[in-house]
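An overview of the molecular structure
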Amino acid sequence: MRVATAFVAFVPFAGAFSSLAGYGRTRAAFVRPAGSFASSVATRPARSTAVSMSTAPSEPDAVPPAADFNNYWDKIPPVYESSTRAPRYSNQDWLINLLSISKSKMLGRISSHLLVNTVWATVVVMMYNGIPKFAKGCAGFSPTPHSLAAGALSLLLIFRTNSAYDRFWEGRKLWGKLVNMTRELARLGHTFLRGLDREHYLALVASFPAILMQHLQGKENTVRPSGGLFSEKQREALHGMLGDGDFRMLWESRNRPFTVTKMLGAIVSDAYSDPAKIEKRFGKLDFDGDSTAKLKAHLVQSQIIAERGHVEQMISDYANVYGACERIIKSAVPGSYSRHTSRMLSVWTLTLPFALVHAIGWRTIPSVATICWMFFTIEEVGHSIEDPFNLHILDPAWTGKEDELRIEASLNVLRGDVMERIPATDPNLYNDLQAVNGITGYDYDPIQFHDEWVASAKAKLQ
């Protein structure tokens, strides 16, 4: 009985929902004169809220309209095959890595320190062979102190490297979060905003990752072939997105990523507080009309509150992400720790020849060089990955090989994700997009794909 009563009570609301189903869409072109887009939308079949059970087909694959995936779609190559996998080290690469030591960037960065220790080991061996008193003194050196100190030195290096890797991995997680938020903000813009408000909003969202990346990076011109502040990947991601007025504000601001979030907030505030824009999207709202009009007004009011709250929260989370990224680049591993590790390592390696020369003679030179290379490289790896947003400094020619976090490589990918108009299906929209870098004057309706599906389903049900 309760179920039946609830069903009877719901019937009027179901009819109201059916009458409201089409209110949330703008039907006219925003910039183009009234024409194909407006007429094609106007002639779309009305949407229905339910399908009568008595007319439902008995075949289980009749609704939704089933595509021939096995024989057709599975044979057609999509735009991309799968997500790009980051290159990984394989055990089969050991020989290549061994033979490429001379080309190692880490070796280049420690070369001066390594050269000093190798020359010093050579001097110690020569003095040992040429000065008897010196040789007699070296005979009294025991390797035990170095063996004991090596344990403490190893702990220092391990802690230093682990601390750096924690920062590296935090940077990766933050950028991954920023990628997810960028796509979510783009989805909200495509769904909730209309007209040129949507276009400007999407352009700012698409530009934000490149603007943030440049904000986090150093000013070394070795990685800026253009000589400007932005790398080539960043320039490509920003090309054609923003206007002169946007860049004027960004260039005059104290913090460019923060300014972008303020611009996004201003667009969202205007879209949800301008009565004309609200009426254009939802139609006229009447809180004093009949039951259907009141229901529509209250539903729209609730939807607007929920939409704006979600978008504002995402913009706030954007600010939290770039604030965390700034924390990484502006706070280093404590200098006292790094200095003590460096001093201890230098003393240990400079005194190592005295402990080895009496036992192994001239072999001290290659032994010291090899041991120093091992320890210095471990130390340098920690220094290199401590700032994950500036690994490009290790690659002066900017070949992209040091883009370990795939950040620079992701900028254009994110731009494409944000500006892609699928699932919109209007061909006039895509003809317009071909002429203008992803910006359009069409106030398109992103729900068209669903209307086409419903029309196809209805055709099968008739």
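Residues numbered from 1 in each chain as written. Predicted model: local features only at pLDDT ≥ 70, side-chain atom pairs only at ≥ 80, totals over all residues. Heavy atoms only, no water.

Structural notes on the overall build of the protein
Using the following cut-off: Helix and strand definitions follow DSSP, with helices as H or I runs of at least four residues and strands as E runs of at least two, each counted in order from the N terminus. For every residue, the accessible area obtained with a 1.4 Å probe (protein chains only) is divided by the maximum for its type, and the residue is called buried under 20%, exposed over 50%, and partly exposed between those limits. Contacts between residues were defined by any pair of non-hydrogen atoms, one from each residue, lying within 4.5 Å. Using a 1.4 Å probe, the Shrake-Rupley method yields the accessible areas, and only the shown protein chains count as cover for residues.
Tallying secondary structure elements over the protein gives 17 helices and zero strands in all. Counting the 462 residues in the protein, one finds 38% classified as buried. Residue pairs at least 24 apart in sequence account for 74% of intrachain contacts in the protein once pairs closer than 6 positions are excluded. Total accessible area on the protein stands at roughly 26,400 Å², and carbon and sulfur atoms take up 61% of it.

Here we look at helix 7 (residues 195–216)
Each α-helix winds once per 3.6 residues, and so residues spaced three or four apart point in a common direction. As a reminder, the rule being used: Any helix carries an expected span of 1.5 Å times its number of residues minus one. Here the bend at a residue is taken as the angle between two axes, fitted respectively to the seven residues that end there and the seven that start there.
A rise of 1.5 Å per residue sets the reference length of helix 7, with its 22 residues, at 32 Å; its end C-alpha atoms lie 33 Å apart and thus fit the reference within 8%. A bend of about 35° at Phe-208 is the largest found in helix 7, and the proline Pro-209 appears one to four places after it. Within helix 7, 19 of the 22 residues are buried, which leaves the element mostly enclosed by the surrounding structure.

Brief notes about the packing of aromatic side chains
Put simply, the rule reads: Stacked, tilted and edge-to-face pairs are distinguished by plane angle, under 30 degrees for stacked and over 60 for edge-to-face with tilted covering the rest, among Phe, Tyr and Trp rings (Trp via its six-membered ring) whose centres lie within 6.5 Å. Either the NZ atom of lysine or the CZ atom of arginine qualifies as a charge over a ring when it sits within 6 Å of the ring centre and within 35 degrees of the ring normal.
Throughout the structure, instances matching the rule amount to eleven aromatic pairs. Considering the side-chain rings of Trp-120 and Phe-354, the 6.0 Å spacing of their centres and the 65° angle between planes classify their relative orientation as edge-to-face. One end of the pair, Trp-120, is in helix 4 (residues 105–130); the other, Phe-354, is in helix 13 (residues 335–360), and 234 residues separate them in sequence. The exposure class of Trp-120 is partly exposed, given its relative accessible area of 31%. Classification of Phe-354 as buried rests on a relative accessible area of 16%. On the numbers, 5.1 Å between centres and 65° between planes, the contact of Phe-159 with Tyr-337 is edge-to-face. With Phe-159 in helix 6 (residues 144–192) and Tyr-337 in helix 13, the pair connects residues that are 178 residues apart, well separated along the chain. Feature note: the residues Trp-120, Phe-134, Phe-141 and Phe-354 constitute an aromatic cluster, connected by ring pairs. One Lys or Arg, Arg-198, reaches over the ring of Tyr-444 and ends 3.9 Å from the middle of that ring.

Describing the packing of helix 7 against helix 12 (residues 291–330)
The relative placement of two packed helices is expressed as an angle between their axes plus a distance between the axes. Convention followed: Lines fitted to C-alpha atoms define the axes, with helix axes restricted to the stretch in contact, and inter-axis angles between N-to-C directions lie between 0 and 180 degrees. Oblique is the label for any angle not covered by the other classes, which are roughly parallel (under 35 degrees), roughly antiparallel (over 145) and roughly perpendicular (65 to 115). The handedness criterion is simple: a crossing whose near helix is rotated anticlockwise from the far helix by less than a right angle is left-handed, and one whose near helix is rotated clockwise is right-handed. Under the scheme applied, nonpolar residues are Ala, Val, Leu, Ile, Met, Phe, Trp, Tyr, Cys and Pro; charged residues are Asp, Glu, Lys and Arg; polar residues are all the others, including Gly.
Across the interface, helix 7 lies against helix 12 with an axial gap of 10 Å and an inter-helix angle of 15°. In terms of their interaxial angle, helix 7 and helix 12 are classed as roughly parallel. Seen from above, helix 7 lies across helix 12 with right-handed handedness. Counting all contacts with helix 7, which are made through Tyr-201, Val-205, Phe-208, Leu-212, His-215 and Leu-216, the residues of helix 12 involved are Val-311, Tyr-318, Tyr-322, Cys-325, Glu-326 and Ile-329. Tallied by class, the residues present in the contact of helix 7 with helix 12 amount to ten nonpolar, one polar and one charged.

Comments concerning the side chain of Arg-167
Quick note on the threshold: Lys and Arg are tallied as positive, Asp and Glu as negative. Neither His nor the chain termini are counted. Counted as salt bridges are all cases of a side-chain nitrogen of Lys or Arg within 4 Å of a carboxyl oxygen of Asp or Glu.
As for its placement among the helices and strands, Arg-167 is situated in helix 6. Here Arg-167 is buried and forms no salt bridge, its nearest opposite-charge partner Glu-386 lying at an N-O distance of 4.3 Å. Not counting the four nearest positions on each side in its chain, Arg-167 is found in contact with Ile-328, Ser-331, Ala-332, Val-333, Glu-386 and Pro-388.

Some thoughts on the environment of Asp-417
Relative to the elements of secondary structure, Asp-417 occurs in helix 15 (residues 407–419). Separated by 230 residues in sequence, Asp-417 and Arg-187 have C-alpha atoms that sit 9.6 Å apart.

A word on a nonpolar patch on the surface
Rules: Within this analysis, patches are made of residues with over 30% relative accessible area and no salt bridge. Like charges are joined at 9 Å or less; nonpolar side chains (Val, Leu, Ile, Met, Phe, Trp, Tyr) at 5 Å or less.
On the surface, Leu-115, Val-116, Val-119, Trp-120, Val-123 and Leu-350 cluster together into a nonpolar patch covering about 480 Å² of accessible area. Per element, the largest residue contribution to the nonpolar patch is five residues, and it comes from helix 4.

So, the nonpolar core
To keep things clear, this is the line we draw: To define a nonpolar core, start from buried Ala, Val, Leu, Ile, Met, Phe, Trp, Tyr and Cys residues and group those joined through side-chain atoms within 4.5 Å.
Of all hydrophobic cores here, the largest spans 59 residues; its most connected members are Trp-175, Tyr-201, Leu-264, Tyr-318 and Phe-389. Mapped by element, the contributors of at least two residues to this core are helix 6, helix 7, helix 8 (232–238), helix 10 (256–273), helix 11 (275–282), helix 12 and helix 15. Per element, the largest residue contribution to this core is twelve residues, and it comes from helix 7. Those residues in contact with Phe-389 that sit more than four places away from it in its chain are Gly-171, Trp-175, Met-213, Leu-216, Gln-217, Cys-325, Ile-328, Ile-329 and Ile-407.

Points about the confidence of the model for the protein
Using the following cut-off: Think of pLDDT as the predictor's per-residue confidence, scored from 0 to 100.
Mean pLDDT over the protein works out to 81, with 80% of the residues at or above the 70 mark. Here residues 1–60 is modelled with pLDDT under 50, and outside its nearest four sequence neighbours on either side it reaches 74 contacts, counting other chains as well.

Side note on unusual backbone geometry
Note on backbone geometry: most residues besides glycine have negative phi, and most peptide bonds are trans. Look at the link from Ile-422 to Pro-423: it is a cis peptide, with omega at 20°. Topologically, Pro-423 is positioned in the loop between helix 15 and helix 16 (427–433).

What to know about the pattern of salt bridges
Considering all chains together, one arrives at twelve salt bridges under this definition. Of the charged contacts, one joins Lys-277 and Asp-197 as a salt bridge, the two residues approaching to 2.8 Å between their closest N and O atoms. Here Lys-277, found in helix 11, pairs with Asp-197, found in helix 7; they are 80 residues apart in sequence, far enough to count as distant. For Lys-277, a relative accessible area of 28% puts it in the partly exposed group. One salt bridge connects Arg-281 with Glu-307, and the closest N-O pair in it is separated by 2.8 Å. Of this pair, Arg-281 sits in helix 11 while Glu-307 sits in helix 12, and the two are 26 residues apart along the sequence. For Glu-307, a relative accessible area of 4% translates into the label buried. Several salt bridges share partner residues, and in doing so they unite Asp-197, Asp-270 and Lys-277 into one network.

Here's the deal with the environment of Arg-415
Definition in use: Here a polar contact is recorded for every N or O atom pair within 3.5 Å, except that within protein the pair must consist of a potential hydrogen donor and a potential acceptor, and residues adjacent in sequence are included only if both atoms are side-chain atoms.
Among the structural elements, Arg-415 can be located in helix 15. Taking the C-alpha atoms as reference points, Arg-415 and Gly-438, separated by 23 residues in sequence, lie 9.6 Å from one another. At 2.5 Å, the side chain of Arg-415 and the backbone oxygen of His-239 are in polar contact.

Details of the packing of helix 6 against helix 12
Running from amino to carboxyl end, helix 6 crosses helix 12 at an angle of 155°, the nearest separation of the two axes being 10 Å. The pairing of helix 6 with helix 12 is recorded here as roughly antiparallel in orientation. When you trace helix 6 past helix 12, the crossing you get is left-handed. The residue inventory of the contact of helix 6 with helix 12, partitioned by class, reads 14 nonpolar, three polar and eight charged.

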